[in-house]
Amino acid sequence: MLLPYPLRSRVPAILFLAWLCVGTEAVSAQRLDMKVLGKQRVIEIPFDLENDFIVIPILLNGSVPLRFIVDTGAENTVVLDKTITDILNVSYRRTFKIRGADIDSELTAYLATGVNMRISDRLLARNRSVLVLEENYFNFERITGTSIHGIIGGDFLMRFVVEFDFRRQIMFLHDPSKFRVRRAFKEVPSTFIRNRPYLNVGIGVLRDSTTTRRLLMDTGAGLSLLMHTYPDTAHLDLPEQTIPTHIASGLGGTVSGSVGRSRVVDLADRKMRNVVTYFQEVDTVGLTFFNERQGIIGTRMLKRFTVAIDYVRRSVYMKPEGRRWKQKFSYDRSGLSILAGGNNLHKYSISNVVPSSPADRAGLQVGDRIRAVNGVTASLLSLQKIIQKLEGKPGRKVKLRVYRHGRLLDFTFVLEDLI
């Protein structure tokens, strides 16, 4: 279970709940007692796309409004902080250990039972069992600039055909017995393991010819592509131009690697080029929960399509979305990593600066507090808006006013390609 911590470069928001490892017996016996609210034939749930996370409102036990990520890479539904469920006096059936980001450390979680979840006034899921973390191990608000309280995982989604319309920002929950694949959709070769879809995707890292890689389809990863590399292989197909980065940080450790661009990704009969790709060295000896995956395909890639996941028939379908699938894959061109803070998450500070980057050469430092961006007061901007400005076109000037050791300082730098 990982959360991003952008130390070396601008890293997308990532939540690898696929690494949450618990005993299968803990949550396998799930009572699927769901009531559709209204007379809809198809359940439509609007969502916000927050830093490439699919976020929906949840009312827990009829009284606590929360925001959950819909995460196809997570096996289980999770509440991120036990304080929330303690307020509701829920019952905890058992305590168990989960693996941390470093794979070796163990942390505590609980199985809560009898939980009711009302979703966007469209669906009432009654008497659910969910995982609850002993404490909020994440600093999610600072990294994403938005509040997240939990995750909807495969144990909830497995009853439906789940369709994500990213253009309209609506999630459709279809009755599998009535769902028919529309002609414009292409089936993507896939397998399902414990309610998590794995796609077979053609990827050419160094050249236009592709090889098939098995990737976890993970809407809990706010990136386009992550590839695993292995220390026991003689050859590693890394791009020539990469920079080191901390990919993620979270439960009990951090994940480091590098970031560059893959030449081509072949998905749903479309070829996408110069795809921003993270590379993570992994030692999978004894780690059977990886399920022989070779990487992750995240929301920054998936949002270029309309996606339908048939959990019952174990199939995945995708439809290219207009010109969206052709859009260039953007990446930070400043060298800055920024965290949000304050009561309303509109106070921003620099968490790291890439050596020799435009921001580094301009003199910006870790700990600088951003007061204005291009003349606009920072408190009027969201973290996502600031990041978009730092991903602007090469050659564009960026002006930052920062607060450092009691002084206001102004800096100007010119954006340039880092990868």
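Residues numbered from 1 in each chain as written. Predicted model: local features only at pLDDT ≥ 70, side-chain atom pairs only at ≥ 80, totals over all residues. Heavy atoms only, no water.

Caption draft 1: Broad picture of the overall build of the protein. Within the protein, the regular secondary structure consists of six helices and 30 strands. Burial statistics for the protein: of 419 residues in total, 58% are counted as buried. A fraction of 68% describes how many contacts in the protein between residues 6 or more apart in sequence connect residues 24 or more apart. Of the roughly 17,900 Å² of accessible surface on the protein, 44% is carried by carbon and sulfur atoms. (Helix = DSSP H or I, 4+ residues; strand = E, 2+ residues; numbered from the N terminus. Buried < 20%, exposed > 50% of the residue type's maximum accessible area, 1.4 Å probe, protein only. Contact = heavy atoms within 4.5 Å. Areas by Shrake-Rupley, 256 points an atom, 1.4 Å probe, with all protein chains shown as cover.)

Caption draft 2: Looking closely at a positive patch on the surface. Side chains of Lys 328, Lys 385, Lys 389, Lys 393 and Arg 396 sit close together on the surface and give a patch of like positive charge. Mapped onto the secondary structure, Lys 393 falls in the loop between α6 (383-390) and β29 (397-404). Using a relative accessible area of 58% as the deciding quantity, one classes Lys 393 as exposed. (Patch = residues over 30% accessible without salt bridge, like charges linked within 9 Å, V, L, I, M, F, W, Y side chains within 5 Å. Salt bridge = Lys/Arg side-chain N within 4 Å of Asp/Glu carboxyl O. Lys, Arg positive; Asp, Glu negative; His and termini not counted. Charge placed at Lys NZ, Arg CZ, Asp CG, Glu CD.)

Caption draft 3: Fine view of the side chain of Arg 293. With respect to the element layout, Arg 293 can be found in the loop between β21 (270-281) and β22 (295-297). Asp 218 is the oppositely charged side chain nearest to the buried, salt-bridge-free Arg 293, at an N-O distance of 6.7 Å. Of the polar contacts made by the side chain of Arg 293, one reaches the side chain of His 228; its length is 3.2 Å. (Polar contact = N/O pair within 3.5 Å; in protein donor to acceptor, adjacent residues only side chain to side chain.)

Caption draft 4: Main features of the pattern of salt bridges. Enumeration according to the criterion identifies 21 salt bridges in this entry. The partner of Arg 194 in a salt bridge is Glu 75, and the shortest N-O contact between them spans 3.0 Å. In this pair, Arg 194 is assigned in the loop between β15 (190-193) and β16 (196-204) and Glu 75 in the loop between β6 (64-70) and β7 (78-79), connecting sequence segments 119 residues apart. Here Asp 86 makes a salt bridge to Lys 82, at a shortest N to O gap of 3.1 Å. Taken together, the positions of Asp 86 and Lys 82, both in helix α1 (residues 82-87) and four residues apart, correspond to about one turn of that helix. Shared partners join several salt bridges into a network, and the residues in it are Asp 52, Arg 300, Lys 303 and Glu 391.

Caption draft 5: Structural context of the pairing of strand β26 (residues 347-353). A large share of β26 lies buried, amounting to six of its seven residues. Bridge count for strand β25 (residues 336-341) against β26 is six bridges, and the pairing is antiparallel. The residue bridging Leu 339 from the neighbouring strand is Ser 349, located in β26. Where β26 and strand β27 (residues 369-373) come together, two bridges link them in antiparallel fashion. Residue Tyr 348 lies in a different strand from β27, and its bridge partner there is Ile 370. (Pairing = 2+ DSSP bridges.)

Caption draft 6: Inspection of the confidence of the model for the protein at higher detail. Here the protein averages 85 in pLDDT, and 85% of its residues register 70 or above. Across residues 1-31 the pLDDT falls below 50, and counting only partners more than four positions away or on other chains, this stretch makes 155 contacts in the model. (pLDDT = per-residue confidence, 0-100.)

Caption draft 7: Looking closely at the sheet that holds strand β3 (residues 43-46). The strand order β3-β13-β12-β23-β24-β14 describes an open sheet built from six strands, whose pairing is antiparallel. Each edge of the open sheet carries a strand with a single partner, namely β3 and β14 (186-188). Strand after strand, the sheet turns through a mean of 20° between neighbouring axes, direction not considered. Of the pairings in the sheet, the one linking β3 to strand β13 (residues 170-174) comprises four bridges and is antiparallel in character. Among the inter-strand pairings, Pro 46 is bridged to a residue of β13, identified as Ile 170. (Axes fitted to C-alpha atoms, helices over the stretch in contact; angles between N-to-C directions.)

Caption draft 8: How the structure looks around α6. Regarding α6, the residues found buried are Leu 383, Ile 386, Ile 387 and Leu 390. Down the axis, α6 shows its buried residues gathered within 100° of arc, on one side only. Summarising the contacts, the buried residues of α6 are in contact with α2 (140-144), β25, β26, β27, β29 and β30 (407-414). (Arc of directions from axis to C-beta.)

Caption draft 9: Fine view of the packing of aromatic side chains. If you walk through the whole model with that rule in mind, you get four aromatic pairs. Judged by centre distance (6.0 Å) and plane angle (75°), the ring pair of Phe 47 and Phe 166 falls under edge-to-face. One end of the pair, Phe 47, is in the loop between β3 and β4 (48-50); the other, Phe 166, is in the loop between β12 (161-165) and β13, with 119 residues separating them in the sequence. Given the relative accessible area of 3%, Phe 47 is considered buried. Members of the aromatic cluster, connected to one another through ring pairs, are Phe 47, Phe 164 and Phe 166. One Lys or Arg, Arg 214, reaches over the ring of Tyr 198 and ends 5.0 Å from the middle of that ring. (Phe/Tyr/Trp six-rings, centres within 6.5 Å; stacked < 30°, edge-to-face > 60°. Lys NZ or Arg CZ within 6 Å of the ring centre and 35° of its normal.)

Caption draft 10: Highlighting the environment of Pro 57. Along the chain, the position of Pro 57 falls in strand β5 (residues 53-60). Taking the C-alpha atoms as reference points, Pro 57 and Ser 120, separated by 63 residues in sequence, lie 5.7 Å from one another. If we ignore the near neighbours within four places in the chain, the residues touching Pro 57 are Pro 46, Leu 66, Arg 118, Ile 119 and Ser 120.

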